[in-house]
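Residue-level structural notes
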Amino acid sequence: MDKDRPLIGIRIPPCAPAPELAAAAQRAERAGFGAAWFPDSQLLWRDVWVTLAAAAGATTGIQLGAAVTNFETRHPSVTASAIRTLQEMAPGRLAVGVGAGSSSIKHIGTPPTRRSHLRTGFDALRTLLAGDAYDFGSGAGRLRDAVGAPPLYMAASGPRNLEFAGEVADGVMVLSGISEKLLTAAIGRVRTGARRAGRDPDAVRIIVAAFAHVTHDIRRDCGIVKPLCADLVLRGAGQALAEEGIDVTGRPREDPRVYPDYRHAENWDDAIQVAGEVIDDDAAVRFAERFCVVGDGAQIRRRIAEITEFGADEIYVQGVGSYDLPLQLIDDFGREVLA
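Right, let's walk through the structure included here. (Residues numbered from 1 in each chain as written. Predicted model: local features only at pLDDT ≥ 70, side-chain atom pairs only at ≥ 80, totals over all residues. Heavy atoms only, no water.)

Let us now look at the overall build of the protein chain. Along the backbone of the protein chain there are 13 helices and eleven strands. What you see for the protein chain is a C-alpha radius of gyration of 19 Å, in line with the 20 Å of a compact globule of 339 residues. Across its three principal directions, the C-alpha atoms of the protein chain cover 60 × 40 × 40 Å. Expressed as a percentage of the 339 residues in the protein chain, the buried residues total 54%. Carbon and sulfur atoms form 47% of the exposed surface of the protein chain, whose accessible area is close to 14400 Å². Distance between charge centroids for the protein chain: 3 Å, based on 38 positive and 44 negative side chains. (Helix = DSSP H or I, 4+ residues; strand = E, 2+ residues; numbered from the N terminus. Rg over C-alpha atoms; globule rule 2.2 N^0.38 Å. Buried < 20%, exposed > 50% of the residue type's maximum accessible area, 1.4 Å probe, protein only. Areas by Shrake-Rupley, 256 points an atom, 1.4 Å probe, with all protein chains shown as cover. Lys, Arg positive; Asp, Glu negative; His and termini not counted. Charge placed at Lys NZ, Arg CZ, Asp CG, Glu CD.)

Structure below.
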């Protein structure tokens, strides 16, 4: 891989037995990826920490990360213990992303984590992993055999959360689109938050998340991104899409034909059909070009270079769908992008 290229990570949903997940991480390492990220959602996938342990045993150098866990289904003290264990299994290779909660909390009736709770969680993790005592309200406790904290990242998309992440996290997983306007604005928010907290804004690592697909015919394959476009509209990004020239002909809605939601649809073909009722091919092509890393190897390398110029330190690519291992994406990237 080009030494001047930013680190490229890939999302591997824990959608298969642990040995297969470990093999996928090993495959990503051999293909030239610098990081393998595993999401945390207890109803959708296998346990993220067990999965990371299996991946640690099957790999030697690739960074391994949780992207992302939360402080609602996992108390900070429990997460600290899991981190300590993985740090021992893969020294210097662990990174941990935390978010306000998405699919992991949506279906158990828990609201997204408040920023005050996120701040407390980050403080607790750092304190415990440093081997110091932390008081959760009923007396101070200490983590035995602490080995220090890995990089602690936060996933963020909205302006307030981006600034907050710049205040508290070692790095920010930016989920705000990858057009120049959107990405530079998001990175600016992160740096504003860092400066407000008295931190060096350039020391906050920027990890840009983007859905990826290697193809020699974007229009032919544009349907695969329609559920992602619908998901963004439902999450309030309709105006941002419109400003990028993406014309959604109607407003997507939660639909029982798409479970549990557009982004995590169990049947991606059904999700494409439902989203296609309001998102035509022209809009999907534009969305793929402005919000995703899609194209042949040369196009994707140019896109990565652009994203890097905007301020990214790392690109975190994600395949569409959540219940199939991204083996084709790993192989395609390894052959056409990372070689």
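In this structure the tally under the stated criterion is 22 salt bridges. Put simply, Arg-189 and Glu-163 hold a salt bridge, and the shortest N to O gap is 2.7 Å. Highlighted residues: Arg-189 in helix α7 (residues 180-196) and Glu-163 in helix α6 (residues 159-168), separated in sequence by 26 residues. Overall, Arg-189 belongs to the partly exposed group, its relative accessible area being 36%. According to the relative accessible area criterion, Glu-163 is buried, its value standing at 13%. Asp-231 is the partner of Arg-263 in a salt bridge, and the nearest nitrogen-oxygen pair spans 2.9 Å. With Arg-263 in the loop between α9 (226-243) and α10 (268-275) and Asp-231 in helix α9, the pair connects residues that are 32 residues apart, well separated along the chain. Across the pair, exposure class does not vary: Arg-263 and Asp-231 are buried alike. Several salt bridges converge on common partners, so that one network encompasses Arg-119, Glu-163, Glu-167, Arg-189 and Arg-196. (Salt bridge = Lys/Arg side-chain N within 4 Å of Asp/Glu carboxyl O.)

On to the environment of Gly-193. Checked against the element boundaries, Gly-193 lands in helix α7. Those residues in contact with Gly-193, other than ones at most four positions away along the chain, are Glu-163, Gly-166 and Glu-167. (Contact = heavy atoms within 4.5 Å.)

This part covers the environment of Phe-287. Position of Phe-287 among the secondary structure elements: in helix α11 (residues 281-291). Look at Phe-287 and you get buried, because its relative accessible area is 2%. Each C-alpha atom, one on Phe-287 and one on Pro-151, is 32 Å from the other, the two residues being 136 residues apart in sequence. Residues in contact with Phe-287, not counting those within four places in the same chain, are Val-225, Leu-228, Cys-229, Leu-232, Leu-241, Ile-246 and Cys-292.

With 14 residues, helix α1 (residues 18-31) should cover 20 Å at 1.5 Å per step; its first-to-last C-alpha distance of 20 Å lies within 8% of that length. Looking at α1, one finds that the buried residues are Leu-21, Ala-22, Ala-24, Ala-25, Ala-28 and Ala-31. Downstream of α1 by one or two residues, Gly-32 has phi in the positive range, about 110 degrees. (Expected span 1.5 Å × (residues − 1).)

Now for the side chain of Asp-261. Locating Asp-261 in the fold gives a position in the loop between α9 and α10. Buried charged residue Asp-261 carries no salt bridge. Nearest counter-charge: Lys-106, at 4.0 Å. Of the polar contacts made by the side chain of Asp-261, one reaches the backbone nitrogen of His-264; its length is 2.8 Å. (Polar contact = N/O pair within 3.5 Å; in protein donor to acceptor, adjacent residues only side chain to side chain.)

Take the nonpolar core next. The biggest cluster of nonpolar side chains holds 76 residues, and the ones touching the most others in it are Ile-12, Phe-33, Phe-38, Trp-49 and Phe-333. Per element, the largest residue contribution to this core is six residues, and it comes from helix α5 (residues 115-129). Leaving out residues up to four positions away in the same chain, Phe-333 has contacts with Ile-8, Phe-33, Ala-212, Val-214, Ile-300, Ile-304, Val-317, Leu-338 and Ala-339. The next biggest cluster of nonpolar side chains, apart from the first, holds 32 residues, and it includes Leu-182, Ala-237, Ile-246 and Val-285. (Core = buried A, V, L, I, M, F, W, Y, C linked by side-chain atoms within 4.5 Å.)

Take unusual backbone geometry next. Note that the residue after Ala-67, namely Val-68, is joined by a cis bond; omega there is -5 degrees. Cis peptide bonds are those with omega within 30 degrees of zero, and the linkage from Tyr-259 to Pro-260 qualifies with -5 degrees. Structurally, Pro-260 is set in the loop between α9 and α10. Phi angles above zero are rare outside glycine, and Asp-145 is one such case at about 60 degrees. Here Asp-145 lies in the loop between β6 (140-141) and β7 (152-156).

Bringing the environment of Tyr-262 into the picture now. You can see Tyr-262 is positioned in the loop between α9 and α10. Note: C-alpha distance between Tyr-262 and Pro-227 (35 residues apart in sequence) is 5.2 Å. A distance of 3.3 Å separates a polar side-chain atom of Tyr-262 from the backbone oxygen of Arg-253.

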